[in-house]
Amino acid sequence: MPASITILLHKCTGCTLCVKTCPFGAIHMANRKAVIDMAKCTLCGACVPACKFSAIELKKDSGPKKDLSAYKDVWVFCEQKKGVIQSISFELLGEGRKLADKLGVKLAAVILGSGIEAKAEELAHRGADKVYLVDHPALGSYQDDPYTEVLVKLAEEYKPEVILCGATTIGRSLVSRVAIKIGAGLTADCTELDVDLKERLLLQTRPAFGGNIMATIITPNHRPQMATVRHKVMKEAGIDKSRRAEVTSKIYPEEVFKSRTRLVDIVAEIGETVNLSEADIIVSGGRGLGGKEGFAMIAELAKALNGAVGAARSAVDADWISYSHQVGQTGKTVCPKLYIACGISGQIQHLIGMQSSKVIVAINKDPDAPIFKVATYGIVGDVFEIVPALTKEFRRALNK
Ligand SMILES: Cc1cc2nc3c(=O)[nH]c(=O)nc-3n(C[C@H](O)[C@H](O)[C@H](O)COP(=O)(O)OP(=O)(O)OC[C@H]3O[C@@H](n4cnc5c(N)ncnc54)[C@H](O)[C@@H]3O)c2cc1C
């Protein structure tokens, strides 16, 4: 977005308020007048309201306006791994169907992969009116460059009004790149979507400020409106085998599939039981477990419940468990039916990743631990006594 900032010298009194306000240290005084160092200025605009004399002028030029009416249809990017469509895609098709019906447009599924032509039918059964399919050996496993390039090409040609994608590792990596390339708005990690029919705006709701408020974000000036959506928040679309979709199978020149990185191998993590994001039950451990051995105890409880093992960052940083188990701001966002937090204090960075779980059970020896504020049930006590007792009782109750 081209922009310019100017000090109106005839208004500047040399009061230095703007110097104190600038978060980037980009303003200094010379001859009692403010001077902006454009090498440091980010055009954030913080100095403009700070100036009591209206001596700073910021002009933002958003360039030629897009014809927003040229954009139609709701798209869902459908993630597949080894040809298996991931459940988040069905959740998004369920939600996309509702949005498309409200907007009076078609619901389209986009699928990229290798040897995936038969998947179009499955997507039609899940409610897609259209399927955009690109089948190429380079798309067999996810890679940033070719996936981005292909989705950009599709979006530029067919101009969707909305693009939804899972807030998964792949989804986050892919659509942020696509949004930048096509100059679109993107809201990450939504938990609720709706439409403002009058303005044809996607209402993208997500937790903000550490989950203390729910913010609804709109993208009035750009299309497509893009959102990533958390896993397990929306209901999966049902299966209707009588449904058919219009399938567009695109072929692109080889250079579109070029990648700056080379995929050498994909190695399944040894010892991983259940995928954290897919799990209905997660038992997580933190610093209170005291070491790797504590996680063996957690794994026993998770196994008894058919659940997955999660972790606070403290445990990952201490090398007690691998990063793929980390829940929180810099780990995974999870939304299971049951989350059991063992020896985790409940710092905001951890809560961000798990507080939308349906039932939270916290076990902590400190009755004032912040985790109890978000817990449905709290057990004040020593994890080394409580966790084995729970495992024993669940095994007995579940006949394991
Ligand atoms: C930018 C940034 C990103 C971050 N991202 C993440 C993230 O993604 N995920 C994350 O988890 N953290 C993240 N953190 C770190 C976060 O701030 C906390 O430091 C971390 O979550 C604390 O982990 P913890 O609860 O295991 O440890 P602590 O805060 O040390 O808590 C340990 C708890 O165990 C309890 N305890 C001790 N012994 C026992 C026992 N025997 N029985 C029962 N309870 C016991 C204690 O009472 C205490 O409440 C991030 C931090 C930053 C700055």
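Cut-off values and rules
- For every chain, the first residue of the written sequence is number 1, and numbering continues from 1 along that sequence.
- Where totals are concerned, whole chains, interfaces and linings use all residues; where local detail is concerned, this predicted model gives features only for residues with pLDDT of at least 70, and gives and counts side-chain atom pairs only at 80 or more.
- For helices the rule is a DSSP run of H or I covering at least 4 residues; for strands it is a run of E covering at least 2, with both sets numbered from the N terminus onward.
- Contact between two residues is assigned whenever their backbone-derived C-beta positions fall within 7 Å.
- The axes used here are C-alpha line fits, helices contributing only the stretch in contact, and every angle between their N-to-C directions lies in the interval 0 to 180 degrees.
- Our angle categories are set so that under 35 degrees counts as roughly parallel, over 145 as roughly antiparallel, 65 to 115 as roughly perpendicular, and the remainder as oblique.
- Take the far helix as the reference: if the near one is turned anticlockwise from it by less than a right angle, the crossing is left-handed, and if turned clockwise, right-handed.
- Following the grouping adopted for this structure description, the nonpolar residues are Ala, Val, Leu, Ile, Met, Phe, Trp, Tyr, Cys and Pro, the charged ones are Asp, Glu, Lys and Arg, and the polar ones are all others, Gly among them.
- Strand pairing is assigned whenever DSSP detects at least two bridges linking the two strands.
- Delimitation of the domains relies on an automatic or database domain assignment.
- Any residue whose backbone-placed C-beta atom lies within 6 Å of a molecule or strand is treated as near that molecule or strand.
- The nonpolar core is taken to be a set of buried Ala, Val, Leu, Ile, Met, Phe, Trp, Tyr and Cys residues joined by way of C-beta atoms within 7 Å.
- We call a residue exposed when 12 or fewer other C-beta atoms sit within 10 Å of its C-beta, buried when the count reaches 20 or more, and partly exposed for counts in between; the C-beta positions come from the backbone.
- Between the first and last residue of a helix there are one fewer steps than residues, each counted as 1.5 Å, and that sum is the expected span.
- What the arc measures is the spread of directions leading from the helix axis to the C-beta atoms.

Asker: Would you mind going over the overall build of the chain in detail, with residue names and values included?
Answerer: A count of helices and strands for the chain gives 11 helices and 21 strands. Overall, the chain is about 80 × 55 × 45 Å in size when its C-alpha atoms are taken along their principal axes. Across the chain, every contact between residues at least 6 apart in sequence was considered, and the portion connecting residues at least 24 apart equals 64%.

Asker: Report on the packing of helix α5 (residues 144-158) against helix α6 (residues 169-182), specifying residues and quantitative values.
Answerer: Helix-helix packing is characterised by the crossing angle of the two axes and by the distance between the axes. Running from N to C, α5 and α6 point in directions that differ by 50 degrees, and their axes come no closer than 9 Å. Classified by the angle between their axes, α5 and α6 sit oblique to one another. α6 is crossed by α5, and the crossing has right-handed handedness. Where α5 abuts α6, its residues D144, Y147, T148, L151, V152, A155 and E156 lie against S173, L174, R177, V178, K181 and I182. Residues of the contact of α5 with α6, tallied by class, amount to seven nonpolar, two polar and four charged.

Asker: If you had to explain the pairing of strand β3 (residues 33-36) to someone new, which residues and values would you point to?
Answerer: Summarising the sheet, strand β2 (residues 27-30) and β3 pair through four bridges and their orientation is antiparallel. Note on β3: the bridge partner recorded for M29 is A34. The antiparallel hairpin formed by β2 and β3 contains two residues in its connecting segment, where N31 sits at a positive phi of about 50 degrees.

Asker: Before we move on, could you go through the domain arrangement of the chain and cite the residues and values that matter?
Answerer: The domains assigned to the chain are domain 1 (3-60), domain 2 (68-257) and domain 3 (281-397). Measuring from the centre of the C-alpha atoms in domain 2 to the corresponding centre in domain 3 gives 32 Å. Of the residues lining the interface, nine residues belong to domain 2; the matching set on domain 3 comes to seven residues.

Asker: Run through the sheet that holds strand β21 (residues 377-380), naming residues and quoting values.
Answerer: Two orientations exist for strands paired in a sheet by backbone hydrogen bonds: parallel and antiparallel. Read from one edge of the open sheet, five strands run β18-β17-β19-β20-β21, paired in parallel fashion. Where the open sheet ends on each side, the last strands, each with one partner, are β18 (308-311) and β21. Adjacent strand axes in the sheet meet at a mean angle of 20 degrees, parallel and antiparallel pairs treated alike. The sheet contact formed by strand β17 (residues 281-285) and β18 spans four bridges and is parallel. Among the inter-strand pairings, S284 is bridged to a residue of β18, identified as G310. Packed onto the sheet, helix α7 (residues 292-304) meets β17, β18 and β19 (338-342) and runs at close to 165 degrees relative to β17. Seen against the sheet, helix α11 (residues 383-397) touches β19, β20 (359-364) and β21 and runs at an angle of roughly 135 degrees to β20.

Asker: Break down the site of the ligand for me, citing the residues and quoting the values.
Answerer: Lining the immediate surroundings of the ligand are 28 residues, of which G286, G288, R313, G328 and S345 lie closest. Elements supplying a minimum of two residues to the shell around the ligand: α8 (313-317), α9 (348-354), β20 and α11. Looking at the shell around the ligand, its residues break down into eight nonpolar, 15 polar and five charged.

Asker: Run through the nonpolar core, naming residues and quoting values.
Answerer: In terms of nonpolar packing, the biggest core is built from 58 residues, with A109, V110 and V131 touching the most fellow members. Each residue touching A109, except ones within four places of it in the same chain, is listed here: V76, C78, L93, L123, A128 and V131. V316, I344, M354 and I379 belong to the second-largest nonpolar core, a separate cluster that totals 40 residues.

Asker: Describe helix α3 (residues 87-103), with residues and values.
Answerer: Between the first and last C-alpha of α3 there are 24 Å, a value that for 17 residues agrees with the 24 Å anticipated at 1.5 Å per step. Taken as a whole, α3 has its buried residues at I88, S89, F90, E91, L92, L93, E95, G96, L99 and A100. Buried residues along α3 sit in contact with β5 (74-77), β7 (84-85), β8 (107-113), β10 (162-166), β12 (192-196) and β15 (225-229).

Asker: Now, about α11: what can you tell me, with residues and values included?
Answerer: Across its 15 residues, α11 extends 20 Å between first and last C-alpha, which sits within 8% of the 21 Å expected from 1.5 Å per residue. For α11, the set of buried residues is V383, V387, L390 and T391. Taken down its axis, α11 places every buried residue within 100 degrees of arc, on the same side. The exposed residues of α11 that point more than 90 degrees off its buried face are E385, E393 and R396. Against α7, β19 and β20 lie the buried residues of α11. Directly after α11, the chain includes N399, whose backbone phi takes a positive value near 60 degrees.

Asker: Account for unusual backbone geometry, with residues named and values stated.
Answerer: Both trends apply: most residues other than glycine have a negative phi, and most peptide bonds are in trans. Between R223 and the following residue, P224, the backbone shows a cis peptide bond with an omega angle of -5 degrees. Inspection of the secondary structure puts P224 in the loop between β14 (213-217) and β15. Non-glycine residue N31 carries a positive phi angle of around 50 degrees. Checked against the element boundaries, N31 lands in the loop between β2 and β3. On the basis of neighbour count, N31 is assigned to the exposed category, with 7 C-beta atoms found within 10 Å. Despite not being glycine, K159 shows a phi value in the positive range, around 50 degrees. Tracing the backbone shows K159 in the loop between α5 and β10. Here K159 falls in the partly exposed class, since 17 other C-beta atoms lie within 10 Å of it.

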